[in-house]
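This is what each chain is made of:
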Amino acid sequence: MALYVQKFGGTSVGSVERIKAVAQKVKGFRDQGHQVVVVVSAMSGETNRLTDMATALNSDPNPREMDMLLSTGEQVTISLLAMALQQLDVPATSHTGAQVGIHTDSAYTKARIQRIDTDELREDLDAGKVVVVAGFQGVDDEGNITTLGRGGSDTTGVALAAALKADECQIYTDVDGVYTTDPRVCSKAQRLETITVEEMLELASLGSKILQIRAVEFAGKYNVPLRVLSSFEDGPGTLIVADSDEDEDSMEEPLISGIAFTKSEAKLTLLNTPDVPGVASRILGPIADANIEVDMIVQNVAPAGDYTDFTFTVAKGDYKATKKILEEQVIPDLGGGDLRGDDNIAKVSLVGVGMRSHAGVASKMFRVLADENVNIRMVSTSEIKISVVIDEKHMELAVQALHKAFGLDKSDIESE
């Protein structure tokens, strides 16, 4: 007998028929003798519907009241799923985040879990019940309902799995696992059998939307076996593991596990800025003060006492605000400088733990892009990642070419 924590997202419970299908899937696990905790999101579209009603009443709604409102979406789902399970003669009980003992801080709309009291959960499990838990929510020390931010149900699932020392946390979604890249962009993308926590964190941070970053961090910190599965079809999914296998066959595995990409960034360049100590802080300080996150940074080398160019990227949604800060605060402070901006860029990233022990990945990447006449505007690297900024219009071409060049195409794998 194993203990599974299973999380089902909004599309998986998007209708009464889908909720019935989830109940059948859960029943199958229980019929095998397993204990099951099910974490669910609000039905697809429900959170947006509630948000629209709130903003129609108040353009800047109170965060506490928003958490009170949005938490109701999951409460609808847990009660309906419990009813569906009971209709199948499966003993089931539903719990809100507060009832199941998920305690958070008081940062409304983006709370962080501090502890979980599992006594009541274990009592229900020991009594043979399936426990259905509302994801995305908890309660602070004052008894106020809090929410964990968009995608927070993933975090709820992994946190409960960690607290219960579950055998596996299964994240059911509308895809059947983690792919080498988005199949909608590259038709030859293949599903990965396994991927490391480290690689999954990089892919999630670089644009892959399969899992919430906080959930992956939780899984890595508490060594929770995490599997991504499809709600709509059977299959093994993708297992996210703590470390890659270091066996003798690992040298034959692809260097690259996946290719992530995003069009949600913009690039800004300050030309002719003084090349003196502290200039980077004077540029980025006001931007940080506005709570705008900076991603990639490049500063050109200049002769001593001369001028240089300073380039960085921000989220596309922060592009106009960042330009305004540079024009109204930074350039006057520096005594001049020319500003250039571009919000038609894309970031393409190679991710793979194999980079640690193999040279030449970057040079191969650059050569492949050059052969496709794709110009690289910025480069950023880490131990297991190489990211480049290119023109947005070349993004799909770049992803497809790199996917093939690094042996990730499905036909290439099948022929080996």
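Residues numbered from 1 in each chain as written. Predicted model: local features only at pLDDT ≥ 70, side-chain atom pairs only at ≥ 80, totals over all residues. Heavy atoms only, no water.

Basically, it comes down to this: UniProt positions are given in the numbering used here, feature names are shortened, and annotations may be inferred rather than shown by experiment.
Looking at an unreviewed UniProt entry, the protein carries the name Aspartokinase, with the source organism given as Vreelandella vilamensis. The UniProt entry for the protein carries the following text under Catalytic activity (unreviewed entry): "L-aspartate + ATP = 4-phospho-L-aspartate + ADP". Of the protein, the UniProt comment under Sequence similarities (unreviewed entry) reads exactly: "Belongs to the aspartokinase family."

### As for the sheet that holds strand 20 (residues 385-391)
Convention followed: Here the rule is simple: two strands pair whenever DSSP picks up at least two bridges between them. Numbering of helices and strands runs from the N terminus; a helix is a DSSP stretch of H or I covering at least four residues, while a strand is a stretch of E covering at least two. Axis definition: a line fit to C-alpha positions, over the contact stretch in the case of helices; interaxial angles, taken between N-to-C directions, run 0 to 180 degrees.
Reading across the sheet, the 4 strands line up as 13-18-20-19 and stay open at both edges, with antiparallel pairing between neighbours. Strands with a single pairing partner mark the edges of an open sheet, and in this sheet they are strand 13 (258-262) and strand 19 (378-382). Within the sheet, the average angular offset between the axes of one strand and its neighbour, ignoring direction, is 15°.

### Focus: the environment of H403
Formally: Contacts were defined at the residue level, with two residues in contact if any of their heavy atoms lie within 4.5 Å. For the purposes of these results, a polar contact is taken to be a pair of N or O atoms within 3.5 Å, where, inside protein, one atom must be able to donate a hydrogen and its partner to accept one; residues adjacent in sequence count only when each atom of the pair is a side-chain atom.
Note that H403 resides in helix 11 (residues 395-405). C-alpha of H403 to C-alpha of C186: the two residues are 217 residues apart in sequence and 7.9 Å apart in space. If sequence neighbours within four positions are ignored, H403 has contacts with T180, T181, C186, K188, A189, I259, L408 and D409. There is a polar contact of 2.6 Å between the side chain of H403 and the side chain of D409.

### What about the packing of helix 10 (residues 361-371) against helix 11?
Keep this limit in mind: Relative orientations are named as follows: roughly parallel for angles under 35 degrees, roughly antiparallel for angles over 145 degrees, roughly perpendicular for angles from 65 to 115 degrees, and oblique for any other angle. Left-handed describes a crossing in which the near helix is turned anticlockwise from the far one by less than a right angle; the clockwise case is right-handed. Basically, the charged four are Asp, Glu, Lys and Arg, the nonpolar ten are Ala, Val, Leu, Ile, Met, Phe, Trp, Tyr, Cys and Pro, and anything else, Gly included, counts as polar.
Between helix 10 and helix 11, whose axes approach to 10 Å, the crossing angle comes to 130°. If you check the angle between helix 10 and helix 11, you find them oblique. Of the two elements, helix 10 crosses helix 11, and the hand of that crossing is right-handed. Note on element contacts: helix 11 touches helix 10 through A398, A401, L402 and A405, opposite K364, M365, V368 and L369. Class assignment for the residues of the contact of helix 10 with helix 11 results in 7 nonpolar, no polar and 1 charged.

### Side note on the packing of aromatic side chains
The line we're drawing: Two rings from Phe, Tyr or Trp (for Trp, the six-membered ring) form a pair when their centres are within 6.5 Å of each other. A pair whose planes differ by under 30 degrees is stacked, one over 60 is edge-to-face, and the rest are tilted. When the NZ atom of lysine or the CZ atom of arginine is within 6 Å of a ring's centre and also within 35 degrees of its normal, the charge is said to sit over that ring.
The final tally for this structure, using the stated rule, is 4 aromatic pairs. Above the ring of F406, the side-chain terminus of K364 is found at 4.7 Å from the ring centroid.

### Description of the confidence of the model for the protein
Going by this rule: The score called pLDDT rates the predictor's confidence residue by residue, from a low of 0 to a high of 100.
Overall, the predicted model of the protein reaches an average pLDDT of 91, with 94% of residues at or above 70. Confidence drops under a pLDDT of 50 for residues 246-252, and excluding neighbours within four residues, the segment shows 1 contact in the predicted structure.

### With respect to the environment of Q114
In this structure, Q114 sits in strand 5 (residues 113-116). In this structure the C-alpha to C-alpha distance between Q114 and H103, which are 11 residues apart in sequence, comes to 5.7 Å. Setting aside residues up to four positions removed in sequence, Q114 forms contacts with H103, T104, D105 and D141.

### Some points on the sheet that holds strand 14 (residues 265-274)
Pairing in this open sheet of 4 strands is antiparallel, and the strands run 15-16-14-17 from one edge to the other. Either end of the sheet is taken by a strand with one partner, and the two such strands are strand 15 (294-299) and strand 17 (338-342). Across the sheet, the axes of successive neighbouring strands diverge by a mean angle of 15°, strand direction being ignored. Here strand 14 runs beside strand 17; their pairing, made up of 5 bridges, is antiparallel. Paired with L268 across the bridge in strand 17 is G341. Of the strands in this sheet, strand 14, strand 15 and strand 16 (307-315) are in contact with helix 8 (residues 279-289), which crosses strand 16 at around 25°. On the sheet, helix 9 (residues 319-334) packs against strand 14, strand 16 and strand 17 and is oriented at approximately 10° with respect to strand 14.

### Quick word on helix 7 (residues 213-221)
We apply this condition: In this scheme, a residue with accessible area under 20% of its type's maximum is buried, one over 50% is exposed, and one in between is partly exposed, where area comes from a 1.4 Å probe on protein chains only.
Buried within helix 7 we find R214, A215, V216, F218 and A219. Elements in contact with the buried residues of helix 7: strand 5, helix 5 (152-164), helix 6 (197-205) and strand 11 (226-230). Just downstream of helix 7 lies N223, where phi reads positive at about 55°.

### A look at the packing of helix 6 against helix 7
Remark: helix 6 packs on helix 7, axes separated minimally by 9 Å, with the N-to-C direction vectors making an angle of 165°. The angle between the axes of helix 6 and helix 7 places the two elements in the roughly antiparallel class. Remark: the crossing between helix 6 and helix 7 carries left-handed chirality. Across the interface between the two elements, V197, M200, L201, A204 and S205 of helix 6 pack against I213, V216, E217 and G220 of helix 7. Of the residues contributing to the contact of helix 6 with helix 7, the split by class is 6 nonpolar, 2 polar and 1 charged.

### Notes on the pairing of strand 12 (residues 238-241)
One ladder, built from 3 bridges, connects strand 10 (residues 194-196) with strand 12; its direction is parallel. Bridge pairing in strand 12 places I195 opposite I240. Sheet topology note: the strand 11/strand 12 ladder contains 3 bridges and is antiparallel. Across the sheet, V228 pairs through a bridge with T238, a residue of strand 12.

### Quick look at the environment of V298
Relative to the helices and strands, V298 is located in strand 15. V298 gets classed as partly exposed once you look at its relative accessible area, which sits at 26%. Residues V298 and L229, 69 residues apart in the sequence, show an inter-C-alpha distance of 39 Å. In this structure V298 touches D309, F310, T311, M378 and V379, once residues within four positions along its chain are discounted.

### So, the pattern of salt bridges
How we decide: The salt bridge criterion pairs a side-chain nitrogen of Lys or Arg with a carboxyl oxygen of Asp or Glu, the two atoms within 4 Å.
All chains considered together, the criterion is met by 18 salt bridges. Among the salt bridges present, the one from K316 reaches E392, with a minimum N-O distance of 3.5 Å. Of the two residues, K316 sits in the loop between strand 16 and helix 9 while E392 sits in the loop between strand 20 and helix 11, which places them 76 residues apart along the sequence. Among the residues examined, K316 registers a relative accessible area of 30% and is labelled partly exposed. Look at E392 and you get partly exposed, because its relative accessible area is 25%. Here the residues in one salt-bridge network are E198, R356 and E383, joined through shared partners.

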